Amino acid sequence: VTSPCKILKCNSEFWAATSGSHHLGTEEVPEFCTALRAYAHCTRRTARTCRGDLAYHSAVHGIDDLMVQHNCSKDGPTSQPRLRTLPPGDSQERSDSPEICHYEKSFHKHSAAPNYTHCGLFGDPHLRTFTDTFQTCKVQGAWPLIDNNYLNVQVTNTPVLPGSTATATSKLTIIFKSFQECVDQKVYQAEMDELPAAFADGSKNGGDKHGANSLKITEKVSGQHIEIQAKYIGTTIVVRQVGRYLTFAVRMPEEVVNAVEDRDSQGLYLCLRGCPLNQQIDFQTIRSAQSTEGRARRKGPSLPVPPEAFTYETAMAKCREKLPVEDLYFQSCVFDLLTTGDVNFMLAAYYAFEDVKMLHSNKDKLHLYERTRDLAPGNTAPSGNPHALWAVLLCLSQCWLCLL
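Remember, predicted model here, so these are calculated numbers, not experimental data.

Draft legend 1. Up close: the nonpolar core. Membership of the largest hydrophobic core comes to 47 residues, with the highest contact counts inside it found for Leu145, Ile146, Leu151, Ile174, Phe176, Tyr232 and Phe248. Looking at this core element by element, the count peaks at four residues for strand β11 (residues 245–253). Apart from the residues lying within four places of it in its own chain, the contact partners of Ile174 are Leu151, Asn152, Val153, Lys186, Val187, Tyr188, Ile228, Ile237, Val239 and Phe248.

So this is what it looks like as structure tokens:
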């Protein structure tokens with residue numbers, strides 16, 4: 001279900017021990033070598049399980065190069081020292097980024113404020129797209145969430161129970177593409193029980209460019225909640241681990257969302273296009289079956305009995321503890337408890353809605369109530385103007401009276 005390779009943990013530990021190490025004086029080289037040996041020891045511990053991992057092989061070669069560069073001995077202490085923090089004005093701390101690296105200052109200097117949109121993925125899994133479409137999907141395996149000129153986001157969903165079609169997000173990869181003088185390409189990877197507070201190379205910002213600080217990772221709760229600010233594209237990303245699985249939420253300007261080379265020929269992109277129809281599950285339609293059978297049964301083979309069986313009533317009561325409004329987040333919570341029996345899915349729905357409150361720009365659209373499956377192209381529900389319809393009917397009635 002999850003990779004036993006722990007190279008991300010090794011990278012994060014080395015970064016924590018050596019923040020600012022590239023500015024160390026010669027008197028502190030022994031401490032850097034100690035941290036480097038600890039890094040090497042960590043990679044050796046996970047060598048067998050990381051045999052086919054590119055990040056692992058990159059780290060091993062990087063360690064060898066740094067050993068030679070700093071004239072470090074491979075023998076010696078391996079306790080990880082806490083080195084001094086970066087001095088003021090360092091690339092990790094400086095705030096004098098060029099204007100191009102601040103989205104609102106550069107992209108919209110002579111125009112209206114940007115229109116921000118939101119996308120979120122949580123639970124079994126439930127998707128809220130940039131157009132406020134809400135879907136419940138199967139999407140087992142790797143699927144792209146976002147794919148534009150600035151970044152790519154891919155999730156991997158794995159079965160929650162053996163033999164079940166219920167899936168949840170077990171791995172997340174975010175690639176921030178190199179952008180002008182602002183940031184180098186950076187990769188963030190998270191998976192079950194591994195929520196690093198650094199990019200895959202151990203850094204916490206956009207690299208060595210002048211505007212590097214326009215991309216930053218902040219750890220909100222260790223191992224449970226991180227936030228990535230990409231100011232150069234006006235984007236905020238929130239990643240959480242709730243129970244065993246990951247949740248994802250993003251706030252992104254509409255201009256960035258639609259920044260693709262050829263939108264018509266672009267491949268599937270869940271946050272923009274939603275899940276394919278054959279991957280969607282209409283949990284509201286099967287709600288009556290849930291209430292009578294006491295647990296969810298999807299089309300096809302019946303699900304295994306979850307570890308903790310909820311009835312429809314007990315699931316409703318449990319979800320009301322965190323989600324008092326019976327919107328689609330509440331409905332998702334009930335569905336997930338009936339499907340999995342795991343109360344952590346209640347917390348996933350709760351935190352997903354908390355992220356919506358923080359990231360969604362339209363506070364009148366926080367709650368969603370109507371199902372949005374099988375909508376017209378463009379993921380927008382058909383709508384009519386009741387006043388216009390009434391005017392047409394009134395005109396027709398008057399014409400009919402004239403004929404009489």
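That covers the picture; the talk isn't over yet.
Draft legend 2. Up close: the pairing of β11. Within β11, eight of the nine residues are buried, which leaves it mostly tucked inside the rest of the structure. Pairing geometry for strand β1 (residues 116–122) and β11, over six bridges, is antiparallel. Residue pairing for β11: Gly120 is matched across the bridge by Ala249. Relative to β11, strand β10 (residues 235–242) runs antiparallel, the two sharing seven bridges.

Draft legend 3. Spatial organisation of the pattern of salt bridges. Per the counting criterion, the structure on display carries six salt bridges. Residue Asp132 pairs with Arg128 through a salt bridge whose shortest N-O separation is 3.0 Å. As far as the burial class goes, Asp132 and Arg128 line up, both buried. One salt bridge in this structure joins Lys186 and Asp201, with 2.6 Å as the shortest N-O distance. Of this pair, Lys186 sits in strand β7 (residues 186–191) while Asp201 sits in the loop between β7 and β8 (215–221), and the two are 15 residues apart along the sequence. Note on Lys186: relative accessible area 5%, which makes it buried.

Draft legend 4. Expanded view of the packing of helix α8 (residues 312–320) against helix α9 (residues 328–340). Two elements in contact, α8 and α9, have axes whose closest approach is 9 Å; the angle formed by their N-to-C orientations is 130 degrees. What the angle tells us is that α8 and α9 run oblique. Crossing of α8 against α9: the hand is right-handed. Residues Tyr312, Ala315, Met316, Lys318, Cys319 and Arg320 of α8 form the contact with α9, whose own contacting residues are Phe330, Cys333, Val334, Leu337 and Leu338. The class makeup of the residues in the contact of α8 with α9 is nine nonpolar, no polar and two charged.

What counts and how
- Residues numbered from 1 in each chain as written.
- Predicted model: local features only at pLDDT ≥ 70, side-chain atom pairs only at ≥ 80, totals over all residues.
- Heavy atoms only, no water.
- Core = buried A, V, L, I, M, F, W, Y, C linked by side-chain atoms within 4.5 Å.
- Buried < 20%, exposed > 50% of the residue type's maximum accessible area, 1.4 Å probe, protein only.
- Helix = DSSP H or I, 4+ residues; strand = E, 2+ residues; numbered from the N terminus.
- Contact = heavy atoms within 4.5 Å.
- Pairing = 2+ DSSP bridges.
- Salt bridge = Lys/Arg side-chain N within 4 Å of Asp/Glu carboxyl O.
- Axes fitted to C-alpha atoms, helices over the stretch in contact; angles between N-to-C directions.
- Parallel < 35°, antiparallel > 145°, perpendicular 65-115°, else oblique.
- Left-handed = near helix turned anticlockwise from the far one by under 90°.
- Nonpolar A, V, L, I, M, F, W, Y, C, P; charged D, E, K, R; others polar.

Geometry only, nothing functional implied.
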